[in-house]
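Fold and contact review
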Amino acid sequence: MAFTIGEIFTFANCSINSRNVVEGEQVLKSLQIILCGKIVKGNEIQIKALVIQSSHIREMSHEITGKISTVPLLKIVIFACTCAAGLPECCKHIVTILLLLNRNSLDEIDTLSSTDIRCKWTKLREPSLEQFKPVPISKFCCVGNSIDCTLSQSKTSIRSALISAAPYSAIALHSKGRKSFKLSSDASSAEIHDEPFQIISDQLLDLISEYSVLNLGDCCQKVYDCKVALTMTPTKIRNLSLNDNSFWHQIRQFKITDSRCHSLYTYYMSSYKSDKKWSKKTSSYFWPKLFSNKCVKHGIKYEQVARVLYAETTKQKVIQFGFIVHYQTPWFGYLPDGIVLNGSNVPIKLLKIKCPYLGSSKSVPELISYVLHQAPVGIRLFLHYQWFSD
């Protein structure tokens, strides 16, 4: 005696594509049934079963109970499960047991006593869970069969090449940031140039590079050599950071940058600093908490729009540049939002774009008065803004 698929679907009020049927089949294939037995009482058969919880495998299994009538014909009377979805008589665990009864005759199902359920759970628990025992990654077949090879290029270069070859792949979108924007037909026609040029030193860099840090401990020296000192050319750093957002985060982590140096300067000028507080300050500087809000998203969304409109309005050449560093002062870094060139392709301005969220609701005069003020030497940003150092 066994149930037909039609009888099961009618009882569970489902079809072959229903979620409880699809997931019930997976539970059955995953061997999550610990126990399924019957208790015969006259013309009635009680079904008792235990199924391992998918999300909490070491907790008490779901208990399925059912009643089957054998007179005049085999008929499903009622089934229930202890899971949250088991009351409507159609959860995946009930369907799993019914599918088992479809593929096996009731005569082949073990006969249980009324006290067998708890005893069987205690006895069969560990053997049943053995198949779900975690396995180290080193034991995976794909790992064990790995082939040792020598790469002619660095992993970073290979990763960047893959991202460039598939700019719309998941890893490319993740590394660059999943940001999108729409440009008007007029704005998109403005010319944005991408022409790298040589960066040279000056007297200020020479002076700063002569500043030495005394008594640099072994740990700090190791961090400096691995994270601060340049291990690739500045040109390569600029190119990689322009196309790979994750590399940009990595290369700027241990550097004093344009957008973060103001916080160090103001803290240095404060009267309450101490060695202990400096330690906490540098820790939060080098390992900042990542965050995002509507203001950050607004700035990311409209930065490219602002750059294109600036180039179009001023009729100037604007190139997008990567993260700028120099051999003499590798602890400094700068990422301009654009560099303005003259007719001879000589840099004349650094472009820094700010898109305040208030710009979506304030007029231009209101917005200007919010971020700028009239100083004796001209119009200046308010000093308390973090981007004043930009």
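Located above this text is the structure these notes cover.
This one's a predicted model, so the numbers in the text were calculated from it and none came from an experiment. (Residues numbered from 1 in each chain as written. Predicted model: local features only at pLDDT ≥ 70, side-chain atom pairs only at ≥ 80, totals over all residues. Heavy atoms only, no water.)

**Details of the overall build of the protein**
- The number of helices and strands found in the protein is 16 helices and 12 strands.
- Put simply, the protein has 390 residues, and 32% of those count as buried.
- Of the contacts formed within the protein by residues at least 6 apart in sequence, a portion of 58% connects residues at least 24 apart.
- Carbon and sulfur atoms make up 58% of the accessible area of the protein, which amounts to about 25300 Å² in all. (Helix = DSSP H or I, 4+ residues; strand = E, 2+ residues; numbered from the N terminus. Buried < 20%, exposed > 50% of the residue type's maximum accessible area, 1.4 Å probe, protein only. Contact = heavy atoms within 4.5 Å. Areas by Shrake-Rupley, 256 points an atom, 1.4 Å probe, with all protein chains shown as cover.)

**Here we look at the pairing of strand E9 (residues 338–341)**
- Judged by which residues are buried, E9 turns out to be covered on both faces: Gly338 and Val340 on one side and Ile339 and Leu341 on the other are all buried.
- Where strand E7 (residues 317–319) meets E9, three bridges bridge the pair, whose relative direction is antiparallel. Across the sheet, residue Ile319 finds its bridge partner in E9, namely Ile339.
- Of the pairings in the sheet, the one linking E9 to strand E10 (residues 347–351) comprises four bridges and is antiparallel in character. Its bridge partner being in E10, Leu341 is matched across the sheet by Pro347.
- Hairpin connection from E9 to E10: five residues lie between these consecutive antiparallel strands, with Asn345 at a positive phi of about 60°. (Pairing = 2+ DSSP bridges.)

**Description of the packing of helix H11 (residues 234–243) against helix H12 (residues 245–252)**
- Interaxial distance between H11 and H12 falls to 5 Å at its minimum, and their mutual angle equals 130°. Considered as vectors, H11 and H12 are oriented oblique to each other. You can see that H11 and H12 cross each other, and the crossing is left-handed. Residues Ile237, Leu240, Ser241 and Asn243 of H11 touch H12, and the partners they reach there are Asn245, Phe247, Trp248 and Ile251.
- For the contact of H11 with H12, the residue count by class is five nonpolar, three polar and no charged. (Axes fitted to C-alpha atoms, helices over the stretch in contact; angles between N-to-C directions. Parallel < 35°, antiparallel > 145°, perpendicular 65-115°, else oblique. Left-handed = near helix turned anticlockwise from the far one by under 90°. Nonpolar A, V, L, I, M, F, W, Y, C, P; charged D, E, K, R; others polar.)

**Looking at H11**
- By the burial criterion, the buried members of H11 are Pro234, Ile237, Arg238, Leu240 and Ser241.
- Taken together, the buried residues of H11 touch helix H6 (155–165) and H12.

**Observations regarding unusual backbone geometry**
- With omega at -5°, the peptide bond leading from Val71 into Pro72 counts as cis.
- Among the secondary structure elements, Pro72 is positioned in the loop between strand E3 (62–69) and strand E4 (75–81).
- With a phi angle near 60°, Lys315 is a residue other than glycine that sits in the positive phi range.
- Topologically, Lys315 is positioned in the loop between helix H15 (294–314) and E7.
- Overall, Lys315 belongs to the exposed group, its relative accessible area being 70%.
- In the Ramachandran plot, Asn345 falls in the positive-phi region, its phi being about 60° despite a non-glycine side chain.
- Within the secondary structure, Asn345 sits in the loop between E9 and E10.

**Digging into the packing of helix H1 (residues 5–12) against helix H3 (residues 92–103)**
- Two elements in contact, H1 and H3, have axes separated by 10 Å at closest approach and are oriented at 160°. If you check the angle between H1 and H3, you find them roughly antiparallel. For the element pair H1 and H3, the recorded crossing hand is right-handed. Where H1 abuts H3, its residues Ile5, Ile8, Phe11 and Ala12 lie against Ile94, Val95, Leu98, Leu99 and Asn102.
- Per-class residue counts for the contact of H1 with H3 are eight nonpolar, one polar and no charged.

**A few points about the sheet that holds strand E2 (residues 44–51)**
- Taken in spatial order, the five strands make up an open sheet running E4-E3-E2-E1-E5, and their pairing is mixed. Each edge of the open sheet carries a strand with a single partner, namely E4 and strand E5 (110–111).
- The sheet contact formed by E2 and E3 spans eight bridges and is antiparallel. Note on E3: the bridge partner recorded for Ile45 is Ile68.

Taken by themselves, the reported measurements are silent on function.
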